[in-house]
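Secondary and tertiary structure notes
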Amino acid sequence: MGKATQIYRNGTILTMDSRGSVVSALAVEGNVVLAVGTDDDVMAHAGPDTVVTDLRGRTMLPGFIDGHSHFVWAGLMFATQLDLSSPPVGKVKDIAEIRDLLKEKAASTPKGEWILGYGYDDTALADRRHPLASDMDDVTPDHPVLLRHVSGHLCSCNSRALALVGYDRNTPDPLGGIIRRDGHGNPNGVLEEPPAMNPVAALLPEASEEDWMRSIVTACDAYTAKGVTSAQDGFTQEKQWAQLRKAHEKGLLRNRVQILPGLGCCDLNQFTSHASGTPLTADRKISLGAVKHLVDGSLQCYTGCLSNPYHKIIYDLPDGPMWRGYIQENPEGFIDRIVALHRQGWQIAIHGNGDEAIQLILDAYEEAQKRYPRADARHIIIHCQTVREDQLDRIKRLGVVPSFFVVHTYFWGDRHRDIFLGPDRAKRISPLRSALKRGILFSNHNDTFVTPIDPLLSVWSAVNRITSSGQVLGEEYTISVMDALRSVTSWAAYQACEETSKGSLEPGKLADMVVLGGNPLAVDKKAIRDIPVLATIVGNELVYGSLE
């Protein structure tokens, strides 16, 4: 019988194993779970040097696993850029306040240097529109400015930035993107999707190594404070991968991270294995995940691709009331790329919000399996927001894993109902119960930087579907608390192809745990979001909080 390095006893331990076992004690040997069970059973593993920690009835779970976010990029935004978020995340209520923040930042920024901001949300502002170049030019005459929309799929620039990139009335819209214009055909500052944004982003100065390290520490602080032991860096670029390795070498990385190499911006040939879940560091702090790609944009900025028009159009868009969003590339070329990656053995994760985009993703996955059958490919649809019932049938048949963005019901649910989708489609976003009825396993995510990292808020949203105004959106698609917890633990581990080492507290798995100030299975389901995270433990190392 092995001797425990540490024993946690007298607790309520939700193991999240396949049986939903609840025990009172857990033993750890080194950085892995040795045993779980009753206090008496587990104390039999104690030796003279075993540290015994009394949980005093508190609740322990496997550490939360982030189903999808942008760990490194989020940290860089949080640490170095202007926060322009509106309630309930931030305080910015209108464009006048954005102007004030820009004016204040310009006063402390050397002339000619870029000013960057993130998180503005046009339909959450009193103005109900994007900040334009004309709103920024007089308060930032000496600085180029780039402000990222909360979705990340759109940005607004001032005239100085537009001039630097060479955008004028004669610049054509790139394939898969739009340069929005004023009544005279001149760019108004708003750029849609990467093809239009990337030329401006290419002009931004590279962050210093000091800023990168500070950013990763900031991300670690944010994620561990919410009980996340395994984060995801979705669409990892080469520079982000390099800085993540440096942070790990310096001992700054406190949680685990799975990287999802971005197609076209990360060299896939550098990885000796294509298998998701492959450790990339000896201590398993960093692992390899799926290749990340995207085919459409965001519903809340009208770039998600739907099969039927948006509910209400509040901007001057090309097709007026018939606007459905758009696919970002040629469908045939997209399918060929996905087939090639599948043939090479990669797991693939594709961003898809609109049901028309989801249809194309499923077409690509089905064609890949038709040409090169592969068992348990476990390809992913990220967000999968407006998935239809017939598409869920295909997802089940193809063995695809949806990673749902269920907190959209809270942050944008009212606006989906009243503006973007209308009542019928809005109540079906992230239809978790429909997926479960088919036996589809899924994860839930926060897509941080888009919304703050908070797995318990995802659980709360999955079981309540309450909007920010307090209304219920699609009660028939709610799920149980236990299933919601699985979507941020064991099922999220399955999506990441790491279910043999993470996601539940069972012997042989990593000792990654979170200790909560309440039991999600016992409190009122509307109070789940308010349960405090008391401690976060990675490999049996306390990385946040206290067990005192």
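Thresholds applied
- Residues numbered from 1 in each chain as written.
- Predicted model: local features only at pLDDT ≥ 70, side-chain atom pairs only at ≥ 80, totals over all residues.
- Heavy atoms only, no water.
- Domains from an automatic or database assignment.
- Pairing = 2+ DSSP bridges.
- Helix = DSSP H or I, 4+ residues; strand = E, 2+ residues; numbered from the N terminus.
- Contact = heavy atoms within 4.5 Å.
- Axes fitted to C-alpha atoms, helices over the stretch in contact; angles between N-to-C directions.
- Disulfide = S-S within 2.5 Å.
- Buried < 20%, exposed > 50% of the residue type's maximum accessible area, 1.4 Å probe, protein only.
- Core = buried A, V, L, I, M, F, W, Y, C linked by side-chain atoms within 4.5 Å.
- Parallel < 35°, antiparallel > 145°, perpendicular 65-115°, else oblique.
- Nonpolar A, V, L, I, M, F, W, Y, C, P; charged D, E, K, R; others polar.
- Phe/Tyr/Trp six-rings, centres within 6.5 Å; stacked < 30°, edge-to-face > 60°.
- Lys NZ or Arg CZ within 6 Å of the ring centre and 35° of its normal.

**So, the domain arrangement of the protein chain**
According to the domain assignment, the protein chain consists of domain 1 (81-202), domain 2 (209-286) and domain 3 (291-479). Averaged C-alpha coordinates put domain 1 and domain 2 at centres separated by 29 Å.

**Focus: the sheet that holds strand β10 (residues 115-120)**
Adjacent strands of a sheet pair through backbone hydrogen bonds, lying either parallel or antiparallel. Read from one edge to the other, the open sheet built from six strands follows the order β9-β10-β11-β12-β14-β13, with strand pairing classed as mixed. Either end of the sheet is taken by a strand with one partner, and the two such strands are β9 (82-83) and β13 (178-181). Alignment of β9 against β10, held across two bridges, turns out to be parallel. The residue of β10 that forms the bridge with Asp83 is Tyr118. Docked against the sheet, helix α6 (residues 193-201) engages β11 (145-149), β12 (154-157), β13 and β14 (187-192), running at close to 115° with respect to β14.

**Description of the state of the cysteines**
For the coordinates displayed, the defined rule picks out zero disulfides. Not part of a disulfide, Cys220 finds its nearest cysteine sulfur in Cys266, a span of 19 Å.

**Points about the environment of Leu175**
Counting through the fold element by element, Leu175 comes out in the loop between α5 (159-165) and β13. Judged by relative accessible area, Leu175 falls into the exposed class, the value being 68%. Sequence separation between Leu175 and Gly251 is 76 residues; the distance between their C-alpha atoms is 42 Å. Dropping the residues within four chain positions of it, Leu175 is found in contact with Pro195 and Gln328.

**What to know about the nonpolar core**
Within the largest apolar cluster, 90 residues are counted, with the highest numbers of intra-cluster contacts made by Phe71, Ile216, Leu244, Phe334, Tyr365, Ile381 and Ile395. In terms of residue count, helix α10 (residues 355-371) provides more of this core than any other element does, eight residues in total. Summarising the domain contributions, this core has at least three residues from each of domain 2 (209-286) and domain 3 (291-479). If you look at the next biggest cluster of nonpolar residues, it comprises 17 residues, including Leu82, Ile115, Met136 and Leu147.

**What to know about the packing of helix α2 (residues 71-80) against helix α7 (residues 209-224)**
The interhelical angle for the contact between α2 and α7, taken along N-to-C directions, is 105°, at an axis separation of 7 Å. Considered as vectors, α2 and α7 are oriented roughly perpendicular to each other. Within the contact between the two elements, α2 uses Phe71, Val72, Gly75, Leu76, Phe78, Ala79 and Thr80 and α7 uses Asp211, Trp212, Arg214, Ser215, Ile216, Thr218, Ala219, Cys220 and Tyr223. Broken down by class, the residue content of the contact of α2 with α7 amounts to 10 nonpolar, four polar and two charged.

**A closer look at helix α13 (residues 413-420)**
Note that an α-helix has 3.6 residues per turn; residues three or four places apart therefore point the same way. Summarising burial for α13: seven of the eight residues are buried, a large majority. Every buried residue of α13 is listed here: Gly413, Asp414, Arg415, His416, Arg417, Ile419 and Phe420. Immediately downstream of α13, the backbone of Gly422 shows phi near 85°, a positive value.

**Considering the side chain of Ser461**
For Ser461, the position within the fold is in helix α16 (residues 455-464). Ignoring anything within four residues of it in the chain, the contact list for Ser461 reads Val406, Val407, Thr409 and Tyr410.

**Some remarks on unusual backbone geometry**
In this structure, Pro88 follows Pro87 across a cis peptide bond, with omega equal to 10°. You can see Pro88 is positioned in the loop between β9 and α3 (95-107). Phi at Tyr302 is positive, roughly 65°, even though this residue is not glycine. One can find Tyr302 in the loop between β18 (291-294) and α9 (331-344). Although it is not a glycine, Asp376 adopts a positive phi angle of roughly 55°. By the secondary structure assignment, Asp376 is in the loop between α10 and β20 (380-383).

**A short note on the packing of aromatic side chains**
Throughout the structure, instances matching the rule amount to 13 aromatic pairs. Seen from their ring centres, Phe404 and Phe442 are 5.4 Å apart, and the 70° between their planes marks the pair as edge-to-face. In this pair, Phe404 sits in strand β21 (residues 401-404) while Phe442 sits in the loop between α15 (432-437) and β22 (443-444), placing the two residues 38 residues apart along the sequence. Judged by its relative accessible area of 0%, Phe404 is buried. Phe442 gets classed as buried once you look at its relative accessible area, which sits at 0%. With a centroid separation of 5.9 Å and 50° between ring planes, the pair formed by Phe411 and Trp412 is classed as tilted. Just as Phe411 is buried, Trp412 falls in that class too. The cationic tip of Arg529 hangs over the ring face of Tyr410; the distance from NZ or CZ to the ring centre is 4.8 Å.

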